[in-house]
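Topology and contacts: notes
Read off the chains here:
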Amino acid sequence: MDDWLENGSLKKTDVVSSNAEIAESKDAAILEPAMQSTSSSVQLQPHLPTLPSSNFEQVVSMKRRKYDTSYLSFGFTSTGNEEAPDAVCLVCNKILANSSLAPTKLLRHLEKNHPTDKDKDISFFKRKFESRNKSRSFMEKNSKQIIKR
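What you are looking at is a predicted structure, and each value in this text was computed from that prediction instead of being measured.

Another point: the overall build of the protein chain. Each helix and strand counted, the protein chain has 5 helices and 3 strands in total. Listing the helices and strands of the protein chain from first to last along the sequence gives α-α-α-β-β-β-α-α. Considering only residue pairs separated by 6 or more positions, the protein chain has 35% of its internal contacts joining residues 24 or more positions apart. Only carbon and sulfur atoms are counted for the fraction: they give 54% of the accessible area of the protein chain, which is about 12100 Å².

What follows deals with the packing of aromatic side chains. Inspection of the entire model under this criterion finds 2 aromatic pairs. Where Tyr67 meets Tyr71, the ring centres are 5.7 Å apart and the plane angle is 80 degrees; that geometry is what we call edge-to-face. With 5.2 Å between their ring centres and 75 degrees between their planes, Phe124 and Phe125 make a pair best called edge-to-face. Judged by its relative accessible area of 18%, Phe124 falls in the buried class. A cation over an aromatic ring shows up here: Lys120 above the ring of Phe124, its NZ or CZ 5.0 Å from the ring centre.

A word on the pairing of strand β2 (residues 86-89). With 4 bridges joining them, strand β1 (residues 76-79) and β2 adopt antiparallel strand pairing. Pairing of Thr77 across the sheet is with Val88, part of β2. Taken together, β1 and the strand that follows it, β2, pair antiparallel across an intervening segment of 6 residues, in which Gly80 is found at a positive phi of about 90 degrees. Here β2 runs beside strand β3 (residues 95-96); their pairing, made up of 2 bridges, is antiparallel.

Assignment of secondary structure puts Asp117 in the loop between α4 (103-113) and α5 (122-148). In this structure the C-alpha to C-alpha distance between Asp117 and Val91, which are 26 residues apart in sequence, comes to 8.6 Å. Apart from residues lying up to four places away in sequence, Asp117 is in contact with Val91, Leu110, Phe124 and Phe125.

Turning to the state of the cysteines, a few remarks are in order. The final tally for this structure, using the stated rule, is 0 disulfides. There is no disulfide at Cys89, and the cysteine sulfur nearest it, in Cys92, is 3.6 Å away.

For α5, built from 27 residues, the straight-helix expectation of 39 Å at 1.5 Å per residue is met to within 8% by its first-to-last C-alpha distance of 39 Å. Within α5 the residues assigned to the buried category are Phe124, Phe125 and Arg132. Buried residues along α5 sit against β1, β2 and α4.

What counts, and where the lines are drawn
- Residues numbered from 1 in each chain as written.
- Predicted model: local features only at pLDDT ≥ 70, side-chain atom pairs only at ≥ 80, totals over all residues.
- Heavy atoms only, no water.
- Helix = DSSP H or I, 4+ residues; strand = E, 2+ residues; numbered from the N terminus.
- Contact = heavy atoms within 4.5 Å.
- Areas by Shrake-Rupley, 256 points an atom, 1.4 Å probe, with all protein chains shown as cover.
- Phe/Tyr/Trp six-rings, centres within 6.5 Å; stacked < 30°, edge-to-face > 60°.
- Buried < 20%, exposed > 50% of the residue type's maximum accessible area, 1.4 Å probe, protein only.
- Lys NZ or Arg CZ within 6 Å of the ring centre and 35° of its normal.
- Pairing = 2+ DSSP bridges.
- Disulfide = S-S within 2.5 Å.
- Expected span 1.5 Å × (residues − 1).

So yeah, pure geometry; function would need other evidence.
Written out as structure tokens, the structure is:
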């Protein structure tokens, strides 16, 4: 640092050594209270905050969104588990994760991927939904008949 004050510039090695000095002083400040012990054996234990994995899993599992029928106006229906459904776009059949079941995210998908359909009425998406269900039931019937043969 003194070189900078005298010359107006620092060498790369000066910066590295000053960074190392700062790191050493921080380590000493952290370890100093732990080293002040009345017993003869000194045990250094890091005091880092930890989050138990079981609590983390519970937090993640609690953040599940539910499907709302109003999402049909954005062109989405649900699929999969009823407790944590995924969103299915009725236009492109793309499946979005449960975390995408927010109206703003569904609207963003519709505006970015299907800009011509973003101003459509909900009746348009209801017809898409009904045709999707009809084709799905038709495929299920045909597959059952093929399996029976």
